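Each chain, letter by letter, is given below.
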Amino acid sequence: MLARAVSVWCLVAVLAVAGGLPARAQAAPRVPQTQAQLSLSFAPLVREVGPAVVNVYSRATVTERPGLSPLFDDPFFKRFFGDMVPRLPERRREANSLGSGVIVDPSGVVVTNNHVVEKADEITVVLADRREFPATLLLADPKTDLAVLKIDTGDEPLPAVAMRDSDDLEVGDIVLAIGNPFGVGQTVTMGIVSALARTNVGITDYSFFIQTDASINPGNSGGALIGVDGRLVGINTAIFSNQRGGAAGSVGIGFAIPSNMVATVLRAAKSGKIIRPWLGARTQTVTTDLAGGLGLDRPVGALIGDVYPGGPAARAGLRTGDVVLEVDEREVSDAGGLRYRIGTREPGETITLQVLRNGRVFTARLPMEAPKAEPTPNVSDLAGRSPMTGARVANMSPAFAMEEGFDELARGVVVLGTARNSPAERLGLRRGDLVVSVNDKPIDRVNTLDRALQSATGSWTLSIRRDDRVLTTKVQG
């Protein structure tokens, strides 16, 4: 700890020498005067943290048909020329992936990116001392691009990194990125926090990234973003790069998943399943155009749209047109920020919201609850004689919708897919379509749909909701 304190003191001295501190704080001379000042280094911090950063290798078997044009895999092509697709022999090959990881528990728990180990048949973790261990996947979470691994080293405790509250970070804080870029071996780079709460990156469902200019390159994925106190503030996950000459490289814009989200996934790994709270309302970001009409002097907050009856937002008293400005005294910049704040909490907690309604700000208490799992999905393949024969359908619930990637506020019966060359496929049904009615009879459950289809006598009038439109067609038997 003394070495770490010395390093931090030295860093302050560097800033003072460079004129980076206010005049009243510049106690050090502008020119280094001692050997200690000439030997400023992060080495003590790296020596302490470096052994907890590992390399992650994954191997997967990929099946492909060599020499086949991508055109043959196009769904539109298959629909009309399915029988003409050549039956070429399949070839299997090994696909290898390289990334980094961080030991967060001395028992051998490792956090990395999900895309590093996705679909892997075999995962190997290589420690800083070059020992190799097979790894077991405890939990994969594509929505945050995080994965939790476990390695067994017997009774030997491993070096681990403690986590820091990522909400305490500020733009300008110095950070170190540690990983294995391009497979060259463990590498440390230094930079600053360039921005916080980046929600428009589009990398994961829960986008709320720390942006840094510390060099992050391919192979750094899953590596550690460390503060000058030696604690984990994020998991490096992506870079922004311009591709020139066919090569992609870092241009000084890297993104890391905040440690608070990492902590949420680690808690879920203990049970093997992630259960995230839900708001029970549709939201959108307050834009400049909307801000004036809402009585705001600047675009900030998340605007509440539709509210799910009986959901957490409804019971908290939220209405369409409300604007959520803060969560537990932390500003909500946009809809993505609100989603992140809720996604990092656990069911059973209660959060406090500052809400704007008709020019007045009031406080609401929102219960953190798992999404409703009723009605049960009742996944069914429709049979018999009807235009929807061959469709796989299910009852919608908020829990099922979130699991399948549908609108969590949608209700009714959803199409999950269609069998090849079935009446449902020829009708043009798609995954995500909601069945509104059959012969003007409203459809709310799979059983209701099945009875309505089978009771029709020779013709069916179907109404299907697709995105924001309701499509109606009449089919003769």
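Keep in mind the model is a prediction, meaning the values are calculated, not measured.

**Looking at the overall build of the protein chain**
- What the protein chain contains, in helices and strands, is twelve helices and 25 strands.
- Per-residue burial for the protein chain yields a buried fraction of 44% across its 477 residues.
- When the accessible surface of the protein chain is totalled, it reaches about 24,300 Å², and 50% of it is carbon and sulfur.

**Details of the packing of aromatic side chains**
- According to the stated counting rule, one finds two aromatic pairs in the structure shown.
- Ring centres of Trp278 and Tyr308 lie 5.4 Å apart, and the angle between their planes is 70 degrees; this geometry places the pair in the edge-to-face category. Taken as a pair, Trp278 in the loop between helix H6 (259–271) and strand E13 (281–285) and Tyr308 in the loop between strand E14 (302–307) and helix H8 (312–315) lie far apart in primary sequence, 30 residues in all.
- Given the relative accessible area of 7%, Tyr308 is considered buried.
- Residue placement shows Arg411 over the ring face of Tyr308; its charged tip is 5.5 Å from the ring centre.

**Thoughts on the pattern of salt bridges**
- For the coordinates displayed, the defined rule picks out 20 salt bridges.
- Two residues, Asp407 and Arg282, come together in a salt bridge whose shortest N-O distance is 2.3 Å. In this pair, Asp407 is assigned in the loop between helix H10 (398–404) and strand E21 (413–418) and Arg282 in strand E13, connecting sequence segments 125 residues apart.
- For Asp433, the salt bridge identified is with Arg466, shortest N-O distance 2.8 Å. One end of the pair, Asp433, is in the loop between helix H11 (423–427) and strand E22 (434–438); the other, Arg466, is in strand E24 (residues 459–466), with 33 residues separating them in the sequence.
- Take Arg466: its relative accessible area is 13%, and that puts it in the buried class.
- One salt-bridge network, held together by shared partners, links Arg164, Asp173, Asp229 and Arg231.

**Description of the environment of Glu326**
- Mapped onto the elements of the fold, Glu326 is located in strand E15 (residues 323–327).
- Considering only alpha carbons, one finds Glu326 and Leu353, 27 residues apart in sequence, at a separation of 5.5 Å.
- If sequence neighbours within four positions are ignored, Glu326 has contacts with Glu331, Val332, Thr352, Leu353 and Gln354.

**Describing H6**
- With 13 residues, H6 ought to run about 18 Å at 1.5 Å a step, and its terminal C-alpha atoms sit 19 Å apart, in line with that.
- Within two residues after H6, Gly272 carries a phi angle of roughly 85 degrees, on the positive side.

**Some thoughts on the confidence of the model for the protein chain**
- Confidence in the prediction for the protein chain averages 83 pLDDT; 80% of positions are at 70 or higher.
- Ignoring residues within four places in sequence, the model shows residues 1–29, a span with pLDDT below 50, making 26 contacts including any to other chains.

**Topic: the nonpolar core**
- The biggest cluster of nonpolar side chains holds 46 residues, and the ones touching the most others in it are Val56, Val125, Leu127, Leu146, Leu149, Ile226 and Leu232.
- No other element matches H6, which puts six residues into this core.
- Other than its neighbours up to four places away in sequence, Leu232 contacts Val102, Val104, Val161, Ala162, Met163, Arg164, Ala224, Leu225, Ile226 and Ser259.

**Details of the environment of Glu374**
- Its place among the elements puts Glu374 in the loop between strand E18 (360–367) and strand E19 (380–381).
- Take Glu374: its relative accessible area is 61%, and that puts it in the exposed class.
- Taking the C-alpha atoms as reference points, Glu374 and Ala399, separated by 25 residues in sequence, lie 8.0 Å from one another.
- Non-local contacts of Glu374, meaning those with residues more than four positions away in its chain, are made with Ser397 and Pro398.

**Some thoughts on the pairing of E21**
- Taken together, the five bridges between strand E20 (residues 391–395) and E21 define a ladder with antiparallel strand orientation. Looking at E21, one finds that Val393 is bridged to Val415.
- Bridge count for E21 against E22 is two bridges, and the pairing is antiparallel. In the sheet register, Val414 faces E22, and the bridge partner there is Leu434.

**Some points on helix H9 (residues 335–343)**
- Here H9 lies mainly inside the structure; seven of its nine residues are buried.
- For H9, the set of buried residues is Ala335, Gly337, Leu338, Tyr340, Arg341, Ile342 and Gly343.
- Backbone nitrogen of Gly336 and a side-chain oxygen of the N-cap are separated by 3.3 Å at the start of H9; the cap is Asp334.

**Focus: the pairing of E24**
- Strand direction decides the pairing type here: E22 and E24, joined by four bridges, are antiparallel. Considered in E24, the bridge of Leu434 is made with Arg465.
- Pairing between E24 and strand E25 (residues 469–476): eight bridges, direction antiparallel. Looking across to E25, one finds that Arg466 is bridged to Arg469.

**What about the side chain of Asp334?**
- Within the element layout of this structure, Asp334 appears in the loop between strand E16 (330–331) and H9.
- Reaching out from Asp334, the side chain makes a polar contact with the backbone nitrogen of Gly336 at a distance of 3.3 Å.

Conventions used here
Residues numbered from 1 in each chain as written. Predicted model: local features only at pLDDT ≥ 70, side-chain atom pairs only at ≥ 80, totals over all residues. Heavy atoms only, no water. Helix = DSSP H or I, 4+ residues; strand = E, 2+ residues; numbered from the N terminus. Buried < 20%, exposed > 50% of the residue type's maximum accessible area, 1.4 Å probe, protein only. Areas by Shrake-Rupley, 256 points an atom, 1.4 Å probe, with all protein chains shown as cover. Phe/Tyr/Trp six-rings, centres within 6.5 Å; stacked < 30°, edge-to-face > 60°. Lys NZ or Arg CZ within 6 Å of the ring centre and 35° of its normal. Salt bridge = Lys/Arg side-chain N within 4 Å of Asp/Glu carboxyl O. Contact = heavy atoms within 4.5 Å. Expected span 1.5 Å × (residues − 1). pLDDT = per-residue confidence, 0-100. Core = buried A, V, L, I, M, F, W, Y, C linked by side-chain atoms within 4.5 Å. Pairing = 2+ DSSP bridges. Polar contact = N/O pair within 3.5 Å; in protein donor to acceptor, adjacent residues only side chain to side chain.

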